Amino acid sequence: QVQLVESGGGLVQAGGSLRLSCAASGRTASTYAMGWFRQAPGKEREFVAAISWSGSRTYHADSVKGRFTISRDNAKNTVYLQMDSLKPEDTAVYYCAADSNFGRLLKTADYWGQGTQVTVSS
């Protein structure tokens, strides 16, 4: 029903910035809440940020608050994650996610992207 494709990952030095993009497709894609999770090697999946379908509500994990900003452009069916002041501990595979329930997206999701690697050098 919803397909998600991430882009924008790569290698960046500590203190730098990176913007991830996630293009969504499907009949109801623009009405879904969307968000980002990440998973570092040997660690469990971690919630990063979420945004309601209208963009009026956002929620960011404490670990990234003030550094990362989630946004969306419904005309393009795209969600973004602007990452500033990156730290080595931000290194992980970042996954785009979508769910019809905004609250549930803080824990899990109905649909997932394939993931994109973000590596922050010391």
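Computed from a prediction, not measured in an experiment: that's the story for all the values here.

Each value, and the rule that gives it
Residues numbered from 1 in each chain as written. Predicted model: local features only at pLDDT ≥ 70, side-chain atom pairs only at ≥ 80, totals over all residues. Heavy atoms only, no water. Pairing = 2+ DSSP bridges. Helix = DSSP H or I, 4+ residues; strand = E, 2+ residues; numbered from the N terminus. Axes fitted to C-alpha atoms, helices over the stretch in contact; angles between N-to-C directions. Buried < 20%, exposed > 50% of the residue type's maximum accessible area, 1.4 Å probe, protein only. Salt bridge = Lys/Arg side-chain N within 4 Å of Asp/Glu carboxyl O. Lys, Arg positive; Asp, Glu negative; His and termini not counted. Polar contact = N/O pair within 3.5 Å; in protein donor to acceptor, adjacent residues only side chain to side chain. Contact = heavy atoms within 4.5 Å. Phe/Tyr/Trp six-rings, centres within 6.5 Å; stacked < 30°, edge-to-face > 60°. Lys NZ or Arg CZ within 6 Å of the ring centre and 35° of its normal.

Describing the sheet that holds strand β3 (residues 18–25)
Inference 1: One open sheet holds the 4 strands; their spatial order is β1-β3-β8-β7, and the pairing between them is antiparallel. Strands with a single pairing partner mark the edges of an open sheet, and in this sheet they are β1 (3–7) and β7 (68–73). Pairwise comparison of adjacent strand axes, ignoring direction, gives a mean angle of 20 degrees for this sheet.
Inference 2: Pairing of β7 with strand β8 (residues 78–83), which is carried by 6 bridges, proceeds in the antiparallel orientation. The residue of β8 that forms the bridge with Ile70 is Leu81.

Details of the pairing of strand β11 (residues 116–121)
Inference 1: Only one face of β11 is covered, namely the one carrying Thr116, Val118 and Val120; the face carrying Gln117, Thr119 and Ser121 has none of its residues buried.
Inference 2: Of the strand pairs in this sheet, strand β2 (residues 10–13) and β11 are connected by 4 bridges, and their pairing is parallel. Pairing of Gly10 across the sheet is with Val118, part of β11.
Inference 3: Note that strand β9 (residues 92–99) and β11 share 3 bridges and pair antiparallel. When the bridges of β11 are listed, Tyr94 appears paired with Thr116.

Considerations on the pattern of salt bridges
When the charged atoms of two side chains with opposite charge come close together, those side chains can pair.
Inference 1: According to the stated counting rule, one finds 6 salt bridges in the structure shown.
Inference 2: Note that Asp99 and Arg104 form a salt bridge whose closest N and O atoms lie 2.7 Å from each other.
Inference 3: Arg104 gets classed as partly exposed once you look at its relative accessible area, which sits at 37%.
Inference 4: In this structure, a network of salt bridges that share partners links the residues Arg38, Glu46, Arg67 and Asp90.

Describing the side chain of Glu6
Inference 1: By secondary structure assignment, the location of Glu6 is in strand β1.
Inference 2: One buried charge, Glu6, has no salt-bridge partner; the nearest side chain with opposite charge is Arg45, at 11 Å.
Inference 3: Polar contacts involving the side chain of Glu6 include one to the main-chain amide nitrogen of Gln114, which spans 3.0 Å.
Inference 4: Here the side chain of Glu6 touches Gly115 through a polar contact of 3.0 Å, landing on its backbone nitrogen.
Inference 5: Each residue touching Glu6, except ones within four places of it in the same chain, is listed here: Ser21, Cys22, Trp36, Tyr94, Tyr95, Cys96, Gly113, Gln114, Gly115 and Thr116.

What about the packing of aromatic side chains?
For any pair of aromatic rings, geometry is given as the distance between the ring centres together with the angle between the planes.
Inference 1: Evaluation of the coordinates by the stated rule reveals 4 aromatic pairs.
Inference 2: Here the aromatic rings of Tyr32 and Tyr111 are separated by 5.8 Å at their centres, their planes lie at 70 degrees, and the arrangement is edge-to-face. Here the residue Tyr32 occupies a position in the loop between β3 and β4 (33–39), and Tyr111 occupies one in strand β10 (residues 111–112), the gap between them amounting to 79 residues.
Inference 3: Where Phe37 meets Phe47, the ring centres are 5.6 Å apart and the plane angle is 75 degrees; that geometry is what we call edge-to-face. Taken together, the residues span a long stretch of sequence, with Phe37 in strand β4 and Phe47 in strand β5 (residues 46–51) at a distance of 10 residues.
Inference 4: Between Arg45 and the ring centre of Phe37, over which it is positioned, the NZ or CZ distance is 5.4 Å.
Inference 5: One cation-aromatic arrangement involves Lys65 over Tyr59; the distance from NZ or CZ to the ring centre is 6.0 Å.

Notes on unusual backbone geometry
Inference 1: Its identity is not glycine, yet Asn77 carries a phi of approximately 50 degrees, on the positive side.
Inference 2: A residue is classified by how much of its surface remains accessible, and Asn77, at 25% relative accessible area, is partly exposed.
Inference 3: Look at Ser85: it is not a glycine, yet its phi comes out positive at around 50 degrees.
Inference 4: Positionally, Ser85 belongs in the loop between β8 and β9.
Inference 5: The partly exposed category is assigned to Ser85, whose relative accessible area is 40%.

That is the geometry; function is a separate question.
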